[in-house]
Amino acid sequence: MSADSKYKMSQERYDSLIEELHYLETVREKEVSELIKEARSFGDLSENSEYDEAKTEQGKLYSKIAEMKALIENAEIIEKSEADAGVVSLSSRVKLHDEDENEDVEYQIVGSQEANPMEGRISDESPIGRAILGRRVGDTVTVEAPVGEMRFTVLEVSHD
């Protein structure tokens, strides 16, 4: 990761990361310490699988904490803007018409840390997200995706 890379996310996502980090650094870290202490009491550490598992768990925990701190330190909060209500931007909810499948789909455009296509949350860095950013109701876009070329028409844009 380069020093200047930012992770775009909503205030809600940022707050949930802070909350989860606090839990990991307080409650979970104490739990893992207790597991290690208990495993040490079983004797010879060279043949102690409980100790090995507890140390592995501790390593995973510290790795997760470091990852979360990096996300938080490099977070760029996406402000919900009303600047131009008819233009697709980060945090917009968008209704599109899939010209090839002849069906309507709805997405919310979010930062890559919040993307979950199964919940209709697509990243601004995804092929569809990139293609519709800055577009207006009525615009038709062609998206180069791994499955081939796709065409969408922007039907609605909201910033709720």
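Counting starts from 1 at the beginning of each chain's written sequence and moves along it residue by residue. Local features are withheld for residues below a pLDDT of 70 in this predicted model, meaning they are given only at 70 or higher, and side-chain atom pairs are given and counted only at 80 or more; totals for whole chains, interfaces and linings count all residues. Water and hydrogen atoms were dropped before computing side-chain values, which therefore reflect all heavy atoms in the structure.

Just to check I follow, could you spell out the overall build of the protein chain for this structure?
Only DSSP runs of H or I covering at least 4 residues are called helices, and only runs of E covering at least 2 are called strands; the numbering of each starts at the N terminus. Each helix and strand in the protein chain was counted, giving 3 helices and 7 strands. Reading the protein chain from its N end, one meets helices and strands in the order β-α-α-β-β-β-β-α-β-β. Rg of the C-alpha trace for the protein chain: 22 Å, well past the compact-globule value of 15 Å for 160 residues, more than 25% over. Over its C-alpha atoms, taken along the principal directions, the protein chain stretches across nearly 70 × 35 × 25 Å. Only protein chains enter the accessibility calculation, which uses a 1.4 Å probe; a residue is then buried when its area is under 20% of its type maximum, exposed when over 50%, and partly exposed in between. In the protein chain, which comprises 160 residues, the proportion classed as buried is 35%. Contacts were defined at the residue level, with two residues in contact if any of their heavy atoms lie within 4.5 Å. Sequence-distant contacts, at least 24 apart, represent 54% of the contacts inside the protein chain between residues at least 6 apart. Note on areas: Shrake-Rupley, 1.4 Å probe, and residue coverage restricted to the protein chains presented here. Accessible surface for the protein chain amounts to roughly 9,900 Å². Of this, 47% is attributable to carbon and sulfur atoms. Under this rule, positive means Lys or Arg and negative means Asp or Glu; His and the chain ends count for nothing. The atom standing in for a charge is NZ when the residue is Lys, CZ when it is Arg, CG when it is Asp and CD when it is Glu. Charged side chains of the protein chain number 19 positive and 38 negative; the gap between the two group centres comes to 4 Å. The globule rule used here is 2.2 Å times the number of residues to the 0.38 power, and the radius of gyration it is set against is calculated over C-alpha atoms.

Which parts of the structure should I look at to understand a negative patch on the surface?
To count toward a patch, a residue needs a relative accessible area above 30% and no salt bridge. Like charges then connect within 9 Å, nonpolar side chains (Val, Leu, Ile, Met, Phe, Trp, Tyr) within 5 Å. Here, a salt bridge means any Lys or Arg side-chain nitrogen found within 4 Å of an Asp or Glu carboxyl oxygen. There is a patch of like negative charges on the surface, built from Asp100, Glu101, Glu103, Asp104, Glu106, Glu144, Glu149 and Glu156. Contributions of two or more residues to the negative patch are made by strand 4 (103-110) and strand 7 (148-158). No other element matches strand 4, which puts 3 residues into the negative patch. As for its position among the elements, Glu101 is in the loop between strand 3 (93-98) and strand 4.

Would you explain the nonpolar core in this entry?
Among soluble globular proteins, nonpolar side chains are generally buried collectively. Leu96, Ile128, Ile132, Val143 and Phe152 are the most contacted members of the largest nonpolar core, which has 19 residues in total. Elements represented by at least two residues in this core include exactly strand 3, strand 4, helix 3 (127-132), strand 6 (140-145) and strand 7. Among the elements that take part in this core, strand 7 stands out by supplying 4 residues, more than any other. Excluding residues within four positions of it along the chain, Phe152 makes contact with Leu96, His97, Asp98, Glu99, Val105, Ile128, Asp139, Thr140, Val141 and Val143. For the purposes of this section, nonpolar cores are sets of buried Ala, Val, Leu, Ile, Met, Phe, Trp, Tyr and Cys residues that join through side-chain atoms within 4.5 Å. Counting 16 residues, the second largest nonpolar core, distinct from the first, contains Tyr7, Met9, Leu61 and Ala75.

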